[in-house]
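Listed here are the chains, written in short residue letters.
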Amino acid sequence: MTVVPARAQDLPEALVLPLASGAPWWYWLGGRPALDFANTLRERWRRRVECLVTPDDLSRWLVAAGLAGHEPAVSPSLLGEARELREAIDAAVAATLAGAPVPPAAIACIDDWLGHAGTRPRLALGQGGVPVLGERIPADSARRALGTIALDAAAMLGTPAERARIRICASDTCSARFYDRSAAGRRRWCSMTACGNEAKARRHRARSRSAAEAAEVSA
Ligand SMILES: [Zn+2]
């Protein structure tokens with residue numbers, strides 16, 4: 001009997017879907033905000049586990065990702081728009097990796113969000129009547145955070161050297177998107193300690209098995 005070990009990076013089989021909240025399954029190995037965001041829909045090859053389940057999930061995710069200082073207000077319709085942005089980023093990533101043209105709708109969606117990126121300057125009077133250059137508090141900080149994600153995606157997709165470092169984990173059960181920051185640019189797994197080790201162990205088992213079979217044949 002072949003024992004299939006639990007892979008640290010994989011979701012448990014026993015998940016009750018849809019999740020009440022995706023927070024326990026957020027995944028931070030993407031290497032940049034746009035890919036961490038794409039990875040909030042997990043196990044894309046099979047169960048497509050939604051990890052931004054509620055507006056509150058998105059609000060907390062944006063803080064956990066360092067894109068908002070406090071939990072911003074998120075409406076159910078904004079959650080829907082955020083998921084559209086996420087799927088546009090993922091469609092662009094998948095097309096890029098497949099060497100296929102990126103769907104125009106994906107580009108248009110990411111581009112639309114760029115209008116919310118960035119800060120707006122503000123000149124105020126400080127102590128003693130001294131002018132102080134600062135920034136305006138965004139009217140909608142959740143939208144601004146999503147704009148920051150879109151800007152990260154745009155920089156990654158629109159810059160050839162960055163585009164060439166987008167990866168999907170080579171584990172056949174993981175499907176995580178990640179950004180390869182290794183010097184050689186040959187990283188294959190989202191995490192060497194989980195998916196990478198698992199792949200090594202699997203190769204080792206396969207080698208031992210074929211060695212054992214060869215021994216049986218020659219005996
Ligand atoms: Zn992986």
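Calculation notes
- Residues numbered from 1 in each chain as written.
- Predicted model: local features only at pLDDT ≥ 70, side-chain atom pairs only at ≥ 80, totals over all residues.
- Heavy atoms only, no water.
- Salt bridge = Lys/Arg side-chain N within 4 Å of Asp/Glu carboxyl O.
- Helix = DSSP H or I, 4+ residues; strand = E, 2+ residues; numbered from the N terminus.
- Buried < 20%, exposed > 50% of the residue type's maximum accessible area, 1.4 Å probe, protein only.
- Expected span 1.5 Å × (residues − 1).
- Polar contact = N/O pair within 3.5 Å; in protein donor to acceptor, adjacent residues only side chain to side chain.
- Contact = heavy atoms within 4.5 Å.
- Domains from an automatic or database assignment.
- Nonpolar A, V, L, I, M, F, W, Y, C, P; charged D, E, K, R; others polar.
- Donors = N, O, S within 2.8 Å, 3.2 Å for Na, K, Ca; no water.
- Tetrahedral: all angles 85-135°; square planar, octahedral: opposite > 155°, others 65-115°.

Before going further, it helps to examine the pattern of salt bridges. Counted according to the given criterion, the structure contains 17 salt bridges. Note that Arg 46 and Glu 13 form a salt bridge whose closest N and O atoms lie 2.7 Å from each other. A residue pair is termed long-range when its members are at least 10 positions apart, and Arg 46 in the loop between strand E1 (41–42) and strand E2 (49–50) and Glu 13 in the segment before helix H1 (33–38) qualify at 33 residues. The partly exposed category is assigned to Arg 46, whose relative accessible area is 39%. Owing to a relative accessible area of 57%, Glu 13 belongs among the exposed residues under this scheme. Close ionic contact of Asp 180 with Arg 167 constitutes a salt bridge, the shortest N to O distance being 3.1 Å. Of this pair, Asp 180 sits in the loop between strand E6 (177–179) and helix H7 (192–218) while Arg 167 sits in strand E5 (residues 166–168), and the two are 13 residues apart along the sequence. Look at the salt bridges and you will find they share partners, linking Arg 44, Arg 48, Glu 50, Arg 83, Arg 86, Glu 87, Asp 90 and Arg 177 into a network.

All right, on to helix H5 (residues 141–158) then. The terminal C-alpha atoms of H5 lie 25 Å apart, and with 18 residues this matches the ideal 26 Å at 1.5 Å per residue to within 8%. Looking only at H5, the buried set comprises Ala 142, Ala 145, Leu 146, Gly 147, Ile 149, Ala 150, Asp 152, Ala 153, Met 156 and Leu 157. Among the residues of H5, the N-terminal cap falls to Asp 140, whose side-chain oxygen and the backbone nitrogen of Ala 142 are separated by 3.2 Å.

Quick look at the environment of Glu 50 now. Within the secondary structure layout, Glu 50 lies in strand E2. In the structure, Glu 50 is positioned 80 residues away from Val 130 in sequence and 50 Å away in space, judged by C-alpha atoms. Excluding anything up to four places from it in sequence, Glu 50 contacts Leu 19, Thr 40, Leu 41, Arg 83 and Arg 86. Only 3.4 Å separates the side chain of Glu 50 from the side chain of Arg 83, close enough to count as a polar contact.

Attention now goes to the domain arrangement of the protein. Each domain of the protein was delimited in the assignment, giving domain 1 (23–186) and domain 2 (189–219). Look at where the C-alpha atoms of domain 1 and domain 2 centre, and you get two points 37 Å apart. With nine residues of domain 1 in contact, the opposing surface of domain 2 contributes five residues. Scanning the region where domain 1 abuts domain 2 turns up zero salt bridges. Counting across the domain 1 and domain 2 interface gives zero residue pairs in polar contact (both at pLDDT 80 or more). A class-by-class count of the residues in the side of domain 1 that touches domain 2 yields seven nonpolar, one polar and one charged.

With that out of the way, let us pick up the coordination of the zinc ion. Distances from the zinc ion to its protein donors, namely Cys 169 (SG), Cys 174 (SG), Cys 190 (SG) and Cys 195 (SG), fall within the range 2.3 to 2.4 Å. With four donor atoms in place around the zinc ion and angles of 105 to 117° between them, the coordination shape is tetrahedral. Read from N- to C-terminus, the donor residues coordinating the zinc ion fall into the pattern C-x4-C-x15-C-x4-C. Of this pair, Cys 174 sits in the loop between E5 and E6 while Cys 195 sits in helix H7; the two residues are 21 residues apart in sequence, bridging distant segments of the chain. With respect to class, Cys 174 is no different from Cys 195; both count as buried.

Looking now at unusual backbone geometry. Here the bond from Leu 17 into Pro 18 is cis, since omega is -5°, no more than 30 degrees from zero. Note that Pro 18 resides in the segment before H1. With a phi angle near 50°, Glu 43 is a residue other than glycine that sits in the positive phi range. Within the secondary structure layout, Glu 43 lies in the loop between E1 and E2. A positive phi is found at Arg 48, a non-glycine position, where the angle reads about 45°. Given the relative accessible area of 45%, Arg 48 is considered partly exposed.

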